[in-house]
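Notes for the structure review
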Amino acid sequence: MNDGLIRVKALSPKDLKLSDCRHNAAVCAACVRDAAEEHVSLLVFPELCLTGYTCGDLFLHKKLPDTALEGLRSFLMATADCDVVSVIGLPVAFAGKLYNCAAVCHGGMLLGLVPKCHLSNRTDEGRYFTPAPEQNLAYELDGCFVQMGPKQVFACTSVPDFTFAVTLGGDLTLPVSPAVDACSAGATVICHPSATPEIVGQAERRRRAVCDLSDRLICACISAEAGIYESTTDYVFGGHALVAEKGDLLCEAAPFAENPGCYTEIDLQKLGLERRRNNTFDNRKVGDFTEVYFDLPVMETPLSRYVDPHPFLPPETPDGDGRCELMLNIQAQGLARRLTAAYAKKAVIGISGGSDSCLALLVMAKAMDILGRSRKDILAVTMPCFGTTARTRGNAEAMCEALGTDFTCVDILASVTQHLHDIGHRLDDHNVVYENAQARERTQILMDIANEVNGLVVGTGDLSELALGWATYNGDHMSMYAVNGDVPKTLVKHLIGYCARRAEAEGNTALSVPLFDILDTPISPELLPAKEGGEIAQVTEDLVGPYELHDFYLYHFLRYGYTPTKLFRLARHALGHVYDDETLLKWLETLIRRFFNQQFKRSCLPDGPKVGSVGLSPRGDWKMPSDALSATWLEEIRGLKQ
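**Let's talk about the overall build of the chain**
Broken down by element type, the chain carries 20 helices and 20 strands. Dimensions of the chain, computed from the C-alpha atoms along their principal axes, are close to 100 × 55 × 45 Å. Among the 642 residues that make up the chain, the fraction classed as buried is 56%. Surface exposure of the chain reaches about 26500 Å², of which carbon and sulfur atoms provide 51%. Charge centroids of the chain, computed over 60 positive and 82 negative side chains, lie 4 Å from each other.

What follows is the structure, given as structure tokens:
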């Protein structure tokens with residue numbers, strides 16, 4: 001439960017028996033004990049599972065509801081020593097009516113009863129049950145009074161944001177589901193005991209409904225369907241189990257699965273932070289619901305859920321290729337519009353043979369195609385200096401030739417040497433002055449050339465470099481339109497790989513060969529003299545850390561506002577097989593320190609298109625004072641190192 005991660009389970013036990021409440025209570029109690037061993041905090045059983053959903057007119061007999069209540073009592077006694085909150089279905093007779101209810105139980109106590117609101121015509125529920133009352137009623141069980149009604153949320157006092165509500169069966173898919181008001185009253189989790197029969201296409205409709213609701217209401221949804229133990233007179237039930245979080249299906253036991261049920265961890269902290277930043281999320285129902293409190297021991301929940309080690313990347317599937325194409329199109333359409341609005345005759349770029357300028361050039365070619373203009377309207381400028389290698393320069397030239405752009409070379413060695421001489425800087429002193437003089441000279445040349453040809457300078461810097469401040473202020477940091485500013489380094493390389501594979505499939509080896517070689521080239525600004533043999537001397541990831549790791553941290557830090565402790569925990573789970581703890585913490589500290597110290601560079605970024613959900617534009621995505629201090633975050637990281 002630390003860091004807001006709790007384990008939940010949806011389960012439809014296979015060995016339940018229709019109308020045998022005593023047996024069913026014992027089976028469900030055994031499942032609760034097993035769940036406790038699995039570190040589960042919240043367990044959801046199917047609708048009416050103590051009796052079975054398909055008991056028909058037996059519901060109208062006194063015996064079945066009475067034995068169901070006895071089954072609930074025995075279930076409570078058998079689970080009194082388990083720190084698992086369970087949601088279990090049964091019929092409840094009250095005030096001359098019969099209700100289809102879910103009982104919320106914990107530690108041998110009944111916390112509340114939630115009746116079903118909408119009764120299905122398909123299965124004649126209205127023949128047996130009464131819809132839930134509009135307001136909660138007081139219900140007494142063995143001298144203890146609880147609420148019985150739909151307006152209840154159950155809140156854990158020891159785990160922030162662990163507040164759940166219950167909706168039964170078709171209540172979830174109503175045009176205005178009771179889940180809407182429950183989430184508006186603070187519920188971050190919706191428990192959904194259900195009993196819908198399996199027909200062709202039903203499983204997919206169920207997945208879509210559960211995922212869509214969790215996305216729309218910024219919540220988790222745990223759904224458990226009745227299983228094959230039900231009557232097969234007219235329908236067959238499959239025991240489908242699902243857990244979704246904010247639109248993502250986290251785990252599933254398919255209908256008729258050999259192993260019923262599924263468990264995973266839901267991230268309550270993520271849901272709470274998402275709601276805070278979503279100003280349109282409605283919380284006006286807080287006062288309309290009764291809050292029922294319970295307590296759970298706080299422990300470190302072991303992680304079993306999948307944590308994507310590369311959260312910025314689309315999947316390696318046809319759908320993933322479609323997303324790559326969409327991202328390239330967003331970048332290209334933004335540039336095309338800016339070229340038109342600026343009446344630019346040329347698009348000017350500094351091409352180095354590295355990955356960032358490579359992607360930017362691919363986007364520029366696409367933009368010219370969109371505008372119906374010649375790719376000769378792209379002027380690619382290579383500007384060799386102290387650290388330029390034959391490999392990168394050769395790839396830059398080959399790529400420009402394959403794309404059909406205009407190309408020129410401006411050797412800046414003499415001008416940078418003169419500049420360093422003018423300010424009294426020795427050529428053998430390879431410090432930041434030596435490096436930045438080259439970067440600023442290149443930017444000056446690009447701006448001057450753009451003025452000369454009535455053009456627009458296209459920037460190449462990416463999101464990861466902006467986060468780390470790995471850019472020369474008013475050097476490669478500046479342009480007239482930055483197409484990569486919303487694209488992290490891992491995604492830059494992924495998009496180039498997509499373009500390379502596509503070019504190869506089309507037989508365009510003139511383009512695919514340099515693209516593949518650019519992917520294999522170490523990331524470097526090439527500002528220091530090359531090694532003997534012409535090898536790159538300055539490898540960026542040796543200096544600031546692996547971009548794979550930085551992008552992982554960056555995504556979760558910016559998207560969800562996670563603490564260093566949680567960032568480290570997730571990275572350990574997702575990338576611990578690649579990096580040891582010392583390495584994970586070392587580069588986390590580097591990212592946080594540089595991110596705060598380099599904010600001043602992000603406060604004056606050029607325009608550029610937003611591509612994904614994470615961005616650093618000072619005009620909308622990230623507003624942070626340049627004077628903010630990182631001390632609080634770094635102190636927490638130092639604590640993790642001890």
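**Structural notes on unusual backbone geometry**
Of note in this structure, His-39 is not a glycine but carries a positive phi near 65°. The topology assignment puts His-39 in the loop between helix H1 (21–37) and strand E2 (42–44). Positive phi is not limited to glycine here, since Ala-95 has a value of about 50°. Tracing the sequence through the fold places Ala-95 in the loop between strand E3 (85–94) and strand E4 (97–106).

**Here we look at the side chain of Thr-382**
Position of Thr-382 relative to the elements: it lies in strand E17 (residues 378–382). The contact partners of Thr-382, leaving out residues within four places of it in the chain, are Ile-351, Arg-393, Phe-407, Thr-408, Cys-409 and Val-410.

**Comments concerning the sheet that holds strand E15 (residues 290–294)**
Strand order in this open sheet of seven strands is E13-E12-E11-E10-E9-E8-E15, and the pairing throughout is mixed. Each edge of the sheet is formed by a strand with only one pairing partner; in this case those strands are strand E13 (248–253) and E15. Between one strand axis and the next, the sheet turns through 20° on average, direction left out of account. Strand direction decides the pairing type here: strand E12 (residues 241–245) and E13, joined by five bridges, are antiparallel.

**Brief notes about a nonpolar patch on the surface**
Taken together, the side chains of Ile-228, Val-236 and Phe-256 present a nonpolar region at the surface, about 260 Å² in accessible area. Structurally, the position occupied by Ile-228 is in the loop between strand E11 (220–225) and E12. Taking the relative accessible area as the measure of exposure, Ile-228 reaches 46% and is therefore partly exposed.

**Some details on the environment of Leu-168**
Inspection of the secondary structure assignment puts Leu-168 in the loop between strand E9 (163–166) and helix H4 (178–184). Here Leu-168 falls in the buried class, since its relative accessible area comes to 0%. With 307 residues separating them along the chain, Leu-168 and Gly-475 place their C-alpha atoms 60 Å apart. When near neighbours in sequence (up to four residues on either side) are disregarded, Leu-168 contacts Glu-47, Asn-100, Cys-101, Ala-102, Val-114, Pro-115, Lys-116, His-192 and Pro-193.

**Details of the sheet that holds strand E16 (residues 346–350)**
The strand order across the open sheet built from five strands is E18-E17-E16-E19-E20, with neighbouring strands paired in parallel fashion. Because the sheet does not close on itself, it has two edges, and the strands there are strand E18 (406–409) and strand E20 (481–482). Contacts between helix H7 (residues 318–341) and the sheet are confined to E16, strand E19 (455–459) and E20, with E19 contributing the most and set at about 155° to the helix.

**Concerning the pattern of salt bridges**
Applying the stated criterion across every chain yields a total of 36 salt bridges. Salt-bridge contacts for Arg-7 lead to Glu-265; the nearest nitrogen and oxygen are separated by 2.7 Å. Taken as a pair, Arg-7 in strand E1 (residues 5–10) and Glu-265 in strand E14 (residues 262–267) lie far apart in primary sequence, 258 residues in all. Look at Arg-7 and you get buried, because its relative accessible area is 5%. Across the pair Asp-621 and Lys-610 runs a salt bridge whose closest N-O atoms are separated by 2.7 Å. With Asp-621 in the loop between helix H19 (599–602) and helix H20 (631–641) and Lys-610 in the loop between H19 and H20, the pair connects residues that are eleven residues apart, well separated along the chain. Exposure remark for Asp-621: the relative accessible area of 28% places this residue in the partly exposed category. Within the structure, one salt-bridge network assembled from shared partners comprises Asp-356, Asp-462, Glu-465 and Lys-489.

**Brief notes about the packing of aromatic side chains**
Evaluated as defined, the whole model comprises 21 aromatic pairs. Considering the side-chain rings of Phe-595 and Trp-622, the 5.5 Å spacing of their centres and the 70° angle between planes classify their relative orientation as edge-to-face. Taken together, the residues span a long stretch of sequence, with Phe-595 in helix H18 (residues 581–597) and Trp-622 in the loop between H19 and H20 at a distance of 27 residues. A network of ring pairs unites the aromatic residues Phe-557, Phe-595, Phe-596, Trp-622 and Trp-633 as a single cluster. Positioned above the aromatic ring of Tyr-547, the side-chain terminus of Lys-489 is 5.1 Å from the ring centre.

**A word on the pairing of strand E10 (residues 189–194)**
Taken across its six residues, E10 has six buried, putting it largely inside the fold. Neither face of E10 is left uncovered, since the one carrying Val-189, Cys-191 and Pro-193 and the one carrying Ile-190, His-192 and Ser-194 both have all their residues buried. Note: E9 against E10, three bridges, orientation parallel. Residue Ala-165 lies in a different strand from E10, and its bridge partner there is Ile-190. Between E9 and its parallel partner E10, the chain crosses via H4, and the hand of that crossover is right-handed. Bridge count between E10 and E11: six bridges; the pairing is parallel. Within E11, the residue paired with Cys-191 across the bridge is Ile-222.

**Considering H1**
The end-to-end C-alpha distance of H1, which contains 17 residues, comes to 24 Å, matching closely the 24 Å that a straight helix rising 1.5 Å per residue would cover. Buried positions along H1 lie against E2, helix H2 (63–78) and E3. His-39 occupies a position one or two residues after H1 and carries a positive phi of about 65°.

**A few points about the packing of H7 against helix H13 (residues 489–505)**
One way to put it is that H7 packs onto H13 with a least axis distance of 10 Å and a crossing angle of 105°. If you check the angle between H7 and H13, you find them roughly perpendicular. Of H13, the residues touching H7 (which contributes Asp-321, Cys-324, Glu-325, Met-327, Leu-328 and Gln-331) are Leu-491, His-494, Leu-495, Tyr-498, Cys-499, Arg-501 and Arg-502. In the contact of H7 with H13, the residues fall into seven nonpolar, two polar and four charged.

Scoring rules and cut-offs
Residues numbered from 1 in each chain as written. Predicted model: local features only at pLDDT ≥ 70, side-chain atom pairs only at ≥ 80, totals over all residues. Heavy atoms only, no water. Helix = DSSP H or I, 4+ residues; strand = E, 2+ residues; numbered from the N terminus. Buried < 20%, exposed > 50% of the residue type's maximum accessible area, 1.4 Å probe, protein only. Areas by Shrake-Rupley, 256 points an atom, 1.4 Å probe, with all protein chains shown as cover. Lys, Arg positive; Asp, Glu negative; His and termini not counted. Charge placed at Lys NZ, Arg CZ, Asp CG, Glu CD. Contact = heavy atoms within 4.5 Å. Pairing = 2+ DSSP bridges. Axes fitted to C-alpha atoms, helices over the stretch in contact; angles between N-to-C directions. Patch = residues over 30% accessible without salt bridge, like charges linked within 9 Å, V, L, I, M, F, W, Y side chains within 5 Å. Salt bridge = Lys/Arg side-chain N within 4 Å of Asp/Glu carboxyl O. Phe/Tyr/Trp six-rings, centres within 6.5 Å; stacked < 30°, edge-to-face > 60°. Lys NZ or Arg CZ within 6 Å of the ring centre and 35° of its normal. Right-handed = clockwise from strand over helix to strand, strands pointing away. Expected span 1.5 Å × (residues − 1). Parallel < 35°, antiparallel > 145°, perpendicular 65-115°, else oblique. Nonpolar A, V, L, I, M, F, W, Y, C, P; charged D, E, K, R; others polar.

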